[in-house]
Amino acid sequence: MTVGASGSATTRGPVSPEPGAGALAADLGPGPGTDPGPDLGAGFGPGFGIDPDDLPDGLVVADETGRVICFNAAAARITAVAAADALGSPLERALPLEDLEGRRWWALTDPYGGLLTRFGQPERNLLLPGGREVLVSARYVRAHPQGPVRRLVISIRGTEARRRTERSHAELIATVAHELRSPLTSVKGFTATLLAKWERFTDDQKRLMLETVDADANRVTRLIAELLDISRIDSGRLEVRRQPVDIGTAVGRHIQSITASGQSPDRFLVRIQQPLPDLWADPDKIDQILGNLLENAVRHGAGTVTIEVAPAQVKHVDHGHAEHTHADGGAKGTAVTVSDEGPGIPEESMARVFTRFWRGSKRGGTGLGLYIVKGIVEAHGGTITVGRGPGGGAQFRFILPVGAPAYLA
């Protein structure tokens, strides 16, 4: 397989006489009479229509002499080394990697002269010239078990995605630590004061302090619950315990709770379109969804908060659950829409509403609520969207498939 200076992969040195990508496949595979093992080249060749340049990660292959015979487009992009310059060069020159302590990686690991029982190197962080960090793993292809290395196959990936994940985790820890500090300081201060000067306070003063401690303790509990939810959502372990749920009753219960805390009942308008299909969902998690959406509408919105509940069609649902479908193939669902008449969400911000740490125009909270809401809705096999409501404010709409769990189907 040959190529010009365009940067696509090629092979040089003693290869199979078959031309094209199949040459690389034959070159990577085991020789006659040897232990076949996993065939690294099995996916390359005319029958598969896959070229090394089609791979999303960098692929570098060196022959038995340590010279580069394959350097795909992704490797050229990641290393900023042209394929034409790398091909035929010694591996140390084409891919001059160092570990985080500045030691030359290929001299340190000695793939061609090291132990004959080694089969490769696990993925690790290494440095390119200039200090750019990459993730590198290697496999040693031997002519036979404990024989000399016939091919050295190296995979290279950028660290940008891992860095973004690490930054996200660091931001989460910093945000939660900041949010925990305030209520814990309050709890510590009031309890220390009460213990030291209990006899000096009236019963009303003691009650006020204890109510504040109780409210702050509840805030800490909510923050810990949010952390656990995020951990489960990120790891795909969020459990949904489905039970029959009366969504209209749940909405009414949340509105009563909000009005009991001082909001006017006239601020809420509820529309429920009957008949609704039976909804099987996790009641506690439905309460989380409704609580977050209604709290956001009250805190960040203005005017009337409208809650609409209606049947809906669901085209794509979680196949892990039983579904009831109409003749047209759409599944029954329940749609809940929460809208307000406030300033709404700027168009340019709508794509970030369900990401971590996004906050509305008014600062406050951890910015994790809507991220958790989206995770819960999707764990039910549903969808959630954001837009602009009829009154100009924000409008959130989530749709849940209503089929019973498979064991009751």
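Residues numbered from 1 in each chain as written. Predicted model: local features only at pLDDT ≥ 70, side-chain atom pairs only at ≥ 80, totals over all residues. Heavy atoms only, no water.

**Observations concerning the overall build of the chain**
This is how the line gets drawn: Each helix corresponds to a stretch of at least 4 residues labelled H or I by DSSP, and each strand to a stretch of at least 2 residues labelled E; elements are numbered beginning at the N terminus. Classification of residues uses two cut-offs on accessible area relative to the type maximum, computed with a 1.4 Å probe and protein chains only: under 20% is buried, over 50% is exposed, and between them is partly exposed. Note on areas: these come from Shrake-Rupley sampling with a 1.4 Å probe, and a residue is covered only by the protein chains present in the view.
Scanning the chain for helices and strands turns up 10 helices and 12 strands. Per-residue burial over the chain gives 43% buried out of 409 residues. Carbon and sulfur atoms make up 54% of the accessible area of the chain, which totals about 21700 Å².

**Some points on the environment of tryptophan 105**
Rules: Contact between two residues is taken to exist if any of their heavy atoms lie within 4.5 Å; hydrogens are not considered.
Counting through the fold element by element, tryptophan 105 comes out in helix α5 (residues 105-109). Classification of tryptophan 105 as buried rests on a relative accessible area of 7%. Each residue touching tryptophan 105, except ones within four places of it in the same chain, is listed here: Leu97, Glu98, Asp99, Gln121, Arg124 and Leu126.

**Things to note about helix α10 (residues 369-379)**
Because an α-helix completes one turn every 3.6 residues, residues spaced three or four positions apart along the sequence face the same direction. Here α10 lies mainly inside the structure; eight of its 11 residues are buried. The set of residues buried in α10 consists of Gly369, Leu370, Tyr371, Ile372, Val373, Gly375, Ile376 and Val377. Tucked into the core, α10 has its buried residues touching α7 (203-235), α9 (283-300), β11 (383-388) and β12 (394-401). Two residues or fewer after α10 comes glycine 381, characterised by a positive phi angle close to 85°.

**Side note on the packing of aromatic side chains**
We apply this condition: The rule is short: rings of Phe, Tyr and Trp, with Trp giving its six-membered ring, pair when the centres are within 6.5 Å, and they are stacked under 30 degrees, edge-to-face over 60, tilted in between.
What the rule picks out here adds up to one aromatic pair. Look at phenylalanine 354 and phenylalanine 396: their rings are 6.0 Å apart centre to centre, the planes differ by 80°, and that puts the pair in the edge-to-face class. Remark: phenylalanine 396 occurs in strand β12 and phenylalanine 354 occurs in the loop between β10 (331-339) and α10; sequence separation between them is 42 residues. Taken as a pair, phenylalanine 354 and phenylalanine 396 share a single burial class, namely buried.

**What about the packing of α9 against α10?**
Counted only if it meets this: Helix axes are fitted only over the stretch in contact, all axes being lines through C-alpha atoms; the angle between N-to-C directions runs from 0 to 180 degrees. If you view the pair so one helix is near and one far, a crossing is left-handed when the near helix is turned anticlockwise from the far one by less than a right angle, and right-handed when it is turned clockwise. Residues are grouped as follows: Ala, Val, Leu, Ile, Met, Phe, Trp, Tyr, Cys and Pro are nonpolar; Asp, Glu, Lys and Arg are charged; every other residue, Gly included, is polar.
Here α9 crosses α10 at 145°, and the two axes come no closer than 10 Å. Read as a crossing pair, α9 and α10 show a hand that is left-handed. Contact residues: Lys285, Gln288, Ile289, Asn292, Leu293 and Asn296 in α9; Gly369, Leu370, Ile372, Val373, Ile376 and Val377 in α10. Looking at the contact of α9 with α10 residue by residue, the classes come out as seven nonpolar, four polar and one charged.

**So, unusual backbone geometry**
The omega torsion across glutamine 274 and proline 275 is -5°, close enough to zero to call that bond cis. Note that proline 275 resides in the loop between β7 (268-272) and β8 (279-281). A positive phi angle, close to 45°, is found at aspartate 110, a residue other than glycine. With respect to the element layout, aspartate 110 can be found in the loop between α5 and β3 (120-127).

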